[in-house]
Amino acid sequence: MTVTQAAPLVRRGARRHPDNRWSILLLLCLSLLLITVDATVLHIAVPALTAALEPSAVQLLWIIDVYSLVVAPLLIMFGTLGDRYGRKRLVLGGFVLFGVASAAAAFSPTPLFLILARALLGVGGAMIMPATLSLIRQVFTDRRERAIALGIWSAVAAAGAAVGPLIGGLLVSVWWGAVFLINVPILLVLLPAAARLLPDSRRDDGRPWDGLSAVLSVLGILALAFGLKEAGSGSLMPFGASVAVFLAGAALLVWFVRRQSRLAAPLLEIGLFRSRAFTTGVAGVLLGVFALVGLQLMLAQYLQLVLGDRPPQAAIRMLPLVLSAIAGGLAAAHILPRAGMRATMSGGLGLVALSLTPTLTWGVESHPVMLGVCFVGIGFGVQVALLAASDTIMSSVPESRAGGAAAIEETAYELGAGLGVAVLGTITTMAYAPSFPPVPGVPGAAMDQARQSLAGAAHVAQEVGGSAGDALLTAARWAFVNALHTTVVVSIVLLSLTALAVATLLRRD
């Protein structure tokens, strides 16, 4: 829905709730924080979760990744449904589903059950997230206040992914299921508050809603992710079948894009991508979140399973990343007007690539000071680049198309989180097993389990015990470090190329 079409809704909502707008903003930001935190909250819980449920490497990636990969393709669909049938109704339904799925995830008896519960969490999150941004635009009619509110929303969205591992590290020391169960009491408070505070809004302008486009986008993205994971592990199907699934996903997305260009009322405004600045901004959001979320998962495992940190210790060691991300968000507002969008975005991405470079020289020894410095550079650079990319997106489209641009930005954010775990996790898995030689005294079946993931190797080493168990864990740690180096090299190359593309493309637009 465009801003012009939303104007009557904005005026009605503003008259009904003129004194509650900041309370509504607080409620919406708390809702958004729940959704974004859940994308990364499991990163530090991986060892405890592996010990409890013993998932395979692919199952572990799906447990972590299915949430974001379900949220991303559903955002636009639920955004249009909220416009049509009422955003408040969608938020309340999302709260209920999110709470039920959180409780189910906390008490999951098997990896498959947890994957399904996380997928339901993604559906609930996708029902809530687009409405948070739309309701802000509806309630805040004053342009200056709306800019402040949107700035707060953006900061919460970006900080949520960064603070997720910190929250997970603190909760998993009690019980791994607590990372999900904590959502339930929070939602029990948010649900009645939302029912009382949120304004009603719906639009019935006779525009058709295209269900086929929604199905194509969801199935296409999930097929891409599944094919990519299976190509890296081959646990459920042979390599050729994995490639076929991947290509089928790509074909569905091509069909989706072509269909959007022909529809009078598309789910996704493909025409916006004709602007080079808009496309570059979306790519910046996608890759910025890709790097942040994917690398957080790898580095959280490095801290716990290679350096031996307990979950609370690992969470505290990642605190510089969180704080620097917040500082980057505050600083970007001052850097952007002075340096310009091109220099700010490309400089932020370049800083992340530079901050990752020292990790290529690390082994299984600790580097506490340098690790903190790297985290500061990653958090600060990603947040500066994200805010510059967001500004680029919104400033490159006319006001009448701001709603469609915001929907695409939200989708890029969640898709980047999902692909970050899928791609970087798959690369790490592919590089890990070949770097893991047989260990004397460890049976073949146990070696196969240990080669699936570092968390699995730690679990096997504990069962084997003795000198063989110690040797197995040492070999697994070195194999993971070698795999991490491969992943970091890929990340540095992607970040550097994107920074160069931003510097080149934005200069010409």
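About the cut-offs
- Residues numbered from 1 in each chain as written.
- Predicted model: local features only at pLDDT ≥ 70, side-chain atom pairs only at ≥ 80, totals over all residues.
- Heavy atoms only, no water.
- Helix = DSSP H or I, 4+ residues; strand = E, 2+ residues; numbered from the N terminus.
- Buried < 20%, exposed > 50% of the residue type's maximum accessible area, 1.4 Å probe, protein only.
- Contact = heavy atoms within 4.5 Å.
- Areas by Shrake-Rupley, 256 points an atom, 1.4 Å probe, with all protein chains shown as cover.
- Core = buried A, V, L, I, M, F, W, Y, C linked by side-chain atoms within 4.5 Å.
- Polar contact = N/O pair within 3.5 Å; in protein donor to acceptor, adjacent residues only side chain to side chain.
- Arc of directions from axis to C-beta.
- Patch = residues over 30% accessible without salt bridge, like charges linked within 9 Å, V, L, I, M, F, W, Y side chains within 5 Å.
- Salt bridge = Lys/Arg side-chain N within 4 Å of Asp/Glu carboxyl O.
- Phe/Tyr/Trp six-rings, centres within 6.5 Å; stacked < 30°, edge-to-face > 60°.
- Axes fitted to C-alpha atoms, helices over the stretch in contact; angles between N-to-C directions.
- Parallel < 35°, antiparallel > 145°, perpendicular 65-115°, else oblique.
- Left-handed = near helix turned anticlockwise from the far one by under 90°.
- Nonpolar A, V, L, I, M, F, W, Y, C, P; charged D, E, K, R; others polar.

Peer 1: Looking at this structure, how should I read the overall build of the protein?
Peer 2: When its secondary structure is counted, the protein shows 19 helices and zero strands. For the protein, buried positions account for 58% of its 509 residues. For the protein, long-range pairs separated by at least 24 residues make up 82% of all intrachain contacts whose partners lie at least 6 apart in sequence. With the model as given, the accessible surface of the protein reaches about 19,500 Å², and the carbon-plus-sulfur share is 68%.

Peer 1: Just to check I follow, could you spell out the nonpolar core for this structure?
Peer 2: In globular proteins that are soluble, nonpolar side chains generally tend to be buried together. Within the largest apolar cluster, 152 residues are counted, with the highest numbers of intra-cluster contacts made by Leu-42, Phe-180, Tyr-432, Phe-436 and Leu-472. Here the element with the most residues in this core is helix H12 (residues 276–306); it accounts for 18 residues.

Peer 1: How should the side chain of Arg-259 be read in this particular structure?
Peer 2: For Arg-259, the location among the structural elements is in helix H11 (residues 239–262). A polar contact of 3.4 Å, which involves the side chain of Arg-259, links it to the side chain of Ser-213. In contact with Arg-259, not counting residues within four places along its chain, are Asp-210, Leu-212, Ser-213 and Leu-216.

Peer 1: Is there a simple way to think about helix H3 (residues 46–53) in this case?
Peer 2: Think of an α-helix as 3.6 residues a turn; residues three or four steps apart then line up on the same face. Among all positions in H3, only Val-46, Pro-47, Leu-49, Thr-50 and Leu-53 are buried. Along the long axis of H3, the arc covered by the buried residues comes to 165°, so they all point the same way. Looking one or two places after H3, you find Glu-54, whose phi comes out positive at around 50°.

Peer 1: Would you mind going over a nonpolar patch on the surface with me for this structure?
Peer 2: A cluster of nonpolar side chains, namely Leu-212, Val-215, Leu-219 and Trp-255, defines an oily patch on the protein surface of about 360 Å² accessible area. Ranked by the residues each element gives to the nonpolar patch, the list is headed by helix H10 (residues 211–233), at three residues. Tracing the backbone shows Trp-255 in helix H11.

Peer 1: How should the packing of aromatic side chains be read in this particular structure?
Peer 2: Here a ring pair, both rings aromatic, is described through the centre-centre distance and the interplanar angle of the planes. Here the structure, examined in full by the defined rule, presents six aromatic pairs. Note on Tyr-432 and Phe-436: the rings are 5.7 Å apart at their centroids and 65° apart in plane angle, and the pair reads as edge-to-face. Members of the aromatic cluster, each reached through a chain of ring pairs, are Phe-107, Trp-175, Trp-176 and Phe-180.

Peer 1: What should I look at first to understand the packing of helix H5 (residues 87–106) against helix H9 (residues 183–197) in this one?
Peer 2: For any two helices packed against each other, the geometry is given by the interaxial angle and the distance between the axes. At a minimum axis distance of 9 Å, the contact between H5 and H9 shows a crossing angle of 165°. One element, H5, and the other, H9, form an angle in the roughly antiparallel class. Between H5 and H9 lies a crossing whose hand is left-handed. Two secondary-structure elements touch here, H5 through Lys-88, Leu-92, Phe-95, Val-96, Phe-98, Gly-99, Ser-102 and Ala-103 and H9 through Asn-183, Val-184, Leu-187, Leu-190, Leu-191, Ala-194 and Ala-195. When the residues that make up the contact of H5 with H9 are grouped by side-chain class, the tally is eleven nonpolar, three polar and one charged.

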